[in-house]
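Observations on the model geometry
Listed below are the residues making up each chain.
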Amino acid sequence: LDSIDGKHARRTQSSTPLGELFDHGLDSWATSIFVLSFFSVCSRDNGKTGVSVYTMYIYLSIVLFNFMCSHWEKYNTGVLFLPWGYDISQVVLIAAYLLTGTVGVEVWQKPLLFGYYITDVLVILLIGFSLFLSFPQTLYNIHRAHLKKTLKNDSLYEGLLPLVSPLLLFVLLTVWVVLSPSNILAKQPRLFLWMVGVAFSNVICKVIICQMSSTQPELFHWFLFPLALVVYGAISGLLGWMEEAVLGVFTALVTAAHVHFGVCVGRQLSEHLNIYIFSLKKRVQE
């Protein structure tokens, strides 16, 4: 269904910026949920098999980085180019679910070839596709638009502006993961990775809105400020035994803020465009 919603919207002449934001905004959140579900399938590292929590964090970061690059490219070129790797990743994920349901979780706990497990192969493929195919393609598309003088942003500052908040978000989260006194990622992997996905989704949604409205994104997303305080409190030891509790509170607040943001923007766009969110009927003009 993810591949036909746009076609159906154009067929019914109901394609709008609201639909674009709804589609890509949910994709930005679902991307992290898909990765988390995959981790649940192949299990956490038990010393022999499974995936370590740090590999999970790197895996999720690479996937989110790919998603960010696509919308950064559209912000600069006006064209959303999705590499074929996106479709392949969805097919691979479905195949993993079917394989697990048919054979059982044991398939992830046995070496596939030369002592390597399926998860090892998938991680190698992910890194290869992301760093050596998708990211270079993004840079090439932006360079080609520059040569054709079709870039939407003339200055280098404006072109790189959407990357500032996502990269700072990644730096702060990585510092927390590496320097956490209580090893927060190992203690609360699901909660921490969920928080990573929600925070990233909100940052990217702001970029999508700026791309649609031809406006500049803010230099520093407001999530960065409370996150910086939490990270400082954690790595400095000020939080102490409360680090896990603070993570839970921060995750709840970020999730609530993201849902509130989505509902408000959706309602505002539906009123501005005189359309309903889940119906093809037009609103009655007052």
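Residues numbered from 1 in each chain as written. Predicted model: local features only at pLDDT ≥ 70, side-chain atom pairs only at ≥ 80, totals over all residues. Heavy atoms only, no water.

A closer look at the packing of helix α6 (residues 156-179) against helix α8 (residues 189-213)
So the rule is basically this: For helices, the axis comes from a line fit to the C-alpha atoms of the stretch in contact; other axes are also lines fit to C-alpha atoms, and the angle between any two N-to-C directions lies between 0 and 180 degrees. Runs of H or I in DSSP of at least four residues are treated as helices and runs of E of at least two as strands, each being numbered from the N terminus. For this classification, under 35 degrees means roughly parallel, over 145 means roughly antiparallel, 65 to 115 means roughly perpendicular, and everything else is oblique. Contact definition: two residues touch when any of their heavy atoms are within 4.5 Å. The residue classification treats Ala, Val, Leu, Ile, Met, Phe, Trp, Tyr, Cys and Pro as nonpolar and Asp, Glu, Lys and Arg as charged. All others, Gly included, are polar.
Running from amino to carboxyl end, α6 crosses α8 at an angle of 170°, the nearest separation of the two axes being 9 Å. Accordingly, the angle class assigned to the pair α6 and α8 is roughly antiparallel. Within the contact between the two elements, α6 uses P162, S165, P166, L169, L173, W176 and V177 and α8 uses F192, M195, V196, A199, F200, V203, I204 and V207. Residue composition of the contact of α6 with α8, grouped by class: 14 nonpolar, one polar and no charged.

A look at α8
Where we set the bar: Helices are assigned an expected span. That span is 1.5 Å times one less than the residue count. A 1.4 Å probe rolled over the protein chains alone gives each residue an accessible area, and that area as a share of the maximum for its type sets the label: buried under 20%, exposed over 50%, partly exposed in between.
Compared with the 36 Å implied by 1.5 Å per residue over 25 residues, the 36 Å span of α8 between its first and last C-alpha is a close match. Extensive coverage of α8 is indicated by the burial of 18 of its 25 residues.

What about the side chain of S165?
Mapped onto the elements of the fold, S165 is located in helix α6. For S165, a relative accessible area of 5% translates into the label buried.

Considering unusual backbone geometry
Non-glycine residue K149 carries a positive phi angle of around 60°. Note that K149 resides in the loop between α5 (118-147) and α6. Here K149 falls in the exposed class, since its relative accessible area comes to 75%. Not every positive phi belongs to a glycine, and N274 is a case in point at roughly 60°. By relative accessible area, N274 is classed as buried at 16%.

Some details on the packing of aromatic side chains
Rules: The rule is short: rings of Phe, Tyr and Trp, with Trp giving its six-membered ring, pair when the centres are within 6.5 Å, and they are stacked under 30 degrees, edge-to-face over 60, tilted in between.
This structure, assessed with the given rule, holds twelve aromatic pairs. Aromatic pair W29 and W194: ring centres 5.8 Å apart, planes at 55°, arrangement tilted. Taken together, the residues W29 in helix α2 (residues 17-42) and W194 in helix α8 connect sequence positions 165 residues apart. Given the relative accessible area of 17%, W29 is considered buried. Geometrically, the ring pair formed by W222 and F223 is edge-to-face, given 4.5 Å between the ring centres and 75° between the ring planes. Accessibility expressed as a relative area gives 45% for W222, which makes it partly exposed. Members of the aromatic cluster, joined through ring pairs, are F38, F39, Y59 and W108.

Looking at the UniProt feature "transmembrane region" (unreviewed entry) in the protein
Definition in use: UniProt positions are given in the numbering used here, feature names are shortened, and annotations may be inferred rather than shown by experiment.
As annotated by UniProt and renumbered to match this structure, "transmembrane region" (unreviewed entry) occupies residues 51-69, 81-100, 112-135, 156-179, 191-209, 221-239 and 245-265. Secondary structure across residues 51-69 comprises 89% helix and 0% strand; the distance between its end C-alpha atoms is 26 Å. In the segment residues 221-239, helix accounts for 63% and strand for 0%; the C-alpha atoms at its two ends are 24 Å apart.

Some details on α2
The following threshold applies: Each residue is assigned a bend, namely the angle between axes fitted to the seven residues that terminate at it and the seven residues that start at it.
Here α2 contains 26 residues, and its C-alpha end-to-end distance of 38 Å stays within 8% of the 38 Å for a straight helix at 1.5 Å per residue. Of all the bends found along α2, the most pronounced is centred on W29 and spans about 30°. S43 sits one or two residues past α2 and shows a positive phi near 75°.

Quick word on the state of the cysteines
The cut-off we apply is this: By disulfide we mean two sulfur atoms from cysteines, separated by a distance within 2.5 Å.
A full pass over the atoms with the stated rule returns zero disulfides. Here C264 is not disulfide-linked; the sulfur of C205 is the nearest cysteine sulfur, at 13 Å.

What about the packing of helix α9 (residues 224-235) against helix α10 (residues 243-272)?
Two numbers describe how α9 lies on α10: the axes approach to 11 Å, and their chain directions differ by 170°. Judged on the interaxial angle alone, α10 and α9 are roughly antiparallel. Taking contact as the criterion, the partners of P226, L227, V230 and A234 in α9 are, on α10, E243, V246 and F250. Among the residues making up the contact of α9 with α10, the classes are represented as six nonpolar, no polar and one charged.

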